[in-house]
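# Commentary on secondary and tertiary structure
The lines below spell out each chain.
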Amino acid sequence: MAGLYIHIPFCKSRCIYCGFYSTTRLEQRQKYVDALCKEMILRRGYRSEGVKELRSFDNTEATNNLSTCQLVNLSTKINTIYLGGGTPSQLSIAQLEQLFIYINKVYSIGDDAEVTMECNPDDITDDYVQAISRLPINRVSMGVQTFDDNRLRFLRRRHSSENVYKAVERLRQAGINNISIDLMYGFPNQTVDEWRLDIEKAISLNVEHISAYSLMFEEGTPLFKMLESKKIKEADEEQSLEMFNSLIDTLTAAGYEHYEISNFAKPGFRSRHNSSYWQGIPYIGIGAAAHSYDIKTRQWNVSDIDEYIKSIDKGIIPMEYETIDDDTRYNDTITTALRTAEGVDMASLSTKHRNHCHASAKTYIAQGLLELKNNRIRITRKGIFVSDMIMGDLMLV
């Protein structure tokens, strides 16, 4: 089984913190959706043909006649689908329907597949949610970020806190019973009590999944420029640690499982798609800036919508790739599996990598930052806040 990720880069407006590839050129949506469908056809042989063959794969008749092509391909079985962005809810229902028609033409979809769509809360109108409920979408992820309307305006988010409550209610009424929300903490001048209030409001929504991240100052973003010009300042490390500990304590007390550094889920509602990344399961990425992984190689498409559409129209996937050797694969395992509650299965490592991991972990185990139990090495709660340092030291240089 593999995962399928489709990148929808369109945003009505840009948030000041976002470092993901996105565009506000909404007039490009239909051309882009057509290109996504063509790329799915071009990638039909992914995981069986190899990168060189894939780059030159030609199915001109199918890509030039999207409405009539009939494809049968059972070689790539899909267990999870994720429409991410950008803002996928900026696509029309007709465009979403077109995507799902081609997903089903090109791939074999598991009967119990998890199908996630990222949505902005203010896009979840009565009509829109009723329409997406008729699609295969069975999980919705919303970027809430905060329930403080002043901070939402600071981030240049389009929605209000009221939109969030209405969106959740509409999704429930439409039968969407797997909802995830994203939260942020560490805003300039935010207090710990204000952050706790955000957590309590998130719990009151009774959603199945919560992701929470410290506000990041990505180079090149308006937020980073505000930091550089000293218009704002970052939360100090001690306060960030207190906020993170408050997050863990409050959510776990409310029945959420802390299954990955930044992710919490009610029992049975872990994100299966994101978990596949952390477990090293192959995935296919469709769209500008999308990444793909087949254990042997990692690939990434060009981060330019014009170049992407132009290249796909010529029957060429505009991507670069790298071959993954054993040492790189070990490093990938450290930076993904070590983020999870299960940690790294030492039995799955080669003798060389297992010995290196044991030797590098000894100091951190003695300090209580790592633990080795049942032949698995995992980060302890004490070690989570310095997890980047730990992972860096366990990796092979």
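Reference entry: report on the structure contained in this document.

This part covers a nonpolar patch on the surface. A surface patch of nonpolar side chains, about 290 Å² in accessible area, is lined by Leu241, Phe385, Val386 and Met389. Among the structural elements, Met389 can be located in helix α16 (residues 387–394).

This part covers unusual backbone geometry. Note that the residue after Gly85, namely Gly86, is joined by a cis bond; omega there is 15°. Considering the arrangement of structural elements, one finds Gly86 in the loop between β2 (77–85) and α4 (93–106). Even without being a glycine, Asn206 presents a positive backbone phi close to 60°. On the basis of relative accessible area, Asn206 is assigned to the partly exposed category, the value being 44%. For Ile295, which is not glycine, the phi torsion reads 80° and is therefore positive. Along the polypeptide, Ile295 turns up in the loop between β10 (291–293) and β11 (297–301).

Applying the stated rule across the entire model yields 22 salt bridges. Across the salt bridge formed by Asp122 and Arg158, the nearest N and O atoms sit 3.0 Å from each other. With Asp122 in the loop between β3 (108–119) and α5 (126–132) and Arg158 in the loop between α6 (149–155) and α7 (161–173), this residue pair connects regions lying 36 residues apart in the sequence. Taking the relative accessible area as the measure of exposure, Asp122 reaches 25% and is therefore partly exposed. The shortest N-O distance in the salt bridge between Asp327 and Lys352 comes to 2.9 Å. Here the residue Asp327 occupies a position in helix α13 (residues 326–336), and Lys352 occupies one in helix α14 (residues 351–366), the gap between them amounting to 25 residues. Judged by its relative accessible area of 29%, Asp327 falls in the partly exposed class.

Bringing the environment of Ile6 into the picture now. Here Ile6 is to be found in strand β1 (residues 2–8). The spacing of Ile6 and Asp123 is 117 residues in sequence and 19 Å in space, taken between C-alpha atoms. Not counting residues up to four positions away in its chain, the partners in contact with Ile6 are Leu36, Met40, Tyr82, Leu83, Gly84, Ile103 and Ile286.

In space, the 3 strands of this open sheet follow the order β13-β15-β14, with antiparallel pairing throughout. What marks the edges here is a single partner per strand, and that holds for β13 (344–345) and β14 (370–373). Where β14 and strand β15 (residues 376–379) come together, 4 bridges link them in antiparallel fashion. Looking at β15, one finds that Leu372 is bridged to Ile377. In this fold α14 packs onto β14 and β15, with an angle of close to 120° to the strand it touches most, β14.

Attention now moves to the nonpolar core. By size, the foremost hydrophobic cluster in this structure holds 92 residues, and its most contacted members are Met142 and Tyr308. Considering every element that reaches this core, the biggest residue donor is helix α1 (residues 29–42), with 8 residues. Ile16, Tyr17, Leu155 and Phe187 belong to the second largest nonpolar core, which has 12 residues in total.

Time to look at the packing of aromatic side chains. On inspection of all chains with the given rule, the structure shows 9 aromatic pairs. Considering the side-chain rings of Tyr5 and Tyr82, the 6.1 Å spacing of their centres and the 25° angle between planes classify their relative orientation as stacked. Placement of the pair is Tyr5 in strand β1 and Tyr82 in strand β2, with a sequence separation of 77 residues. Of the residues examined, Tyr5 reaches a relative accessible area of 16% and is grouped as buried. Judged by its relative accessible area of 8%, Tyr82 is buried. On the numbers, 5.8 Å between centres and 40° between planes, the contact of Phe147 with Tyr165 is tilted. You can see Phe147 sitting in the loop between β4 (139–145) and α6 and its partner Tyr165 sitting in helix α7, a full 18 residues away along the chain. The exposure class of Phe147 is buried, given its relative accessible area of 4%.

Definitions and cut-offs
Residues numbered from 1 in each chain as written. Predicted model: local features only at pLDDT ≥ 70, side-chain atom pairs only at ≥ 80, totals over all residues. Heavy atoms only, no water. Patch = residues over 30% accessible without salt bridge, like charges linked within 9 Å, V, L, I, M, F, W, Y side chains within 5 Å. Areas by Shrake-Rupley, 256 points an atom, 1.4 Å probe, with all protein chains shown as cover. Salt bridge = Lys/Arg side-chain N within 4 Å of Asp/Glu carboxyl O. Helix = DSSP H or I, 4+ residues; strand = E, 2+ residues; numbered from the N terminus. Buried < 20%, exposed > 50% of the residue type's maximum accessible area, 1.4 Å probe, protein only. Contact = heavy atoms within 4.5 Å. Pairing = 2+ DSSP bridges. Axes fitted to C-alpha atoms, helices over the stretch in contact; angles between N-to-C directions. Core = buried A, V, L, I, M, F, W, Y, C linked by side-chain atoms within 4.5 Å. Phe/Tyr/Trp six-rings, centres within 6.5 Å; stacked < 30°, edge-to-face > 60°.

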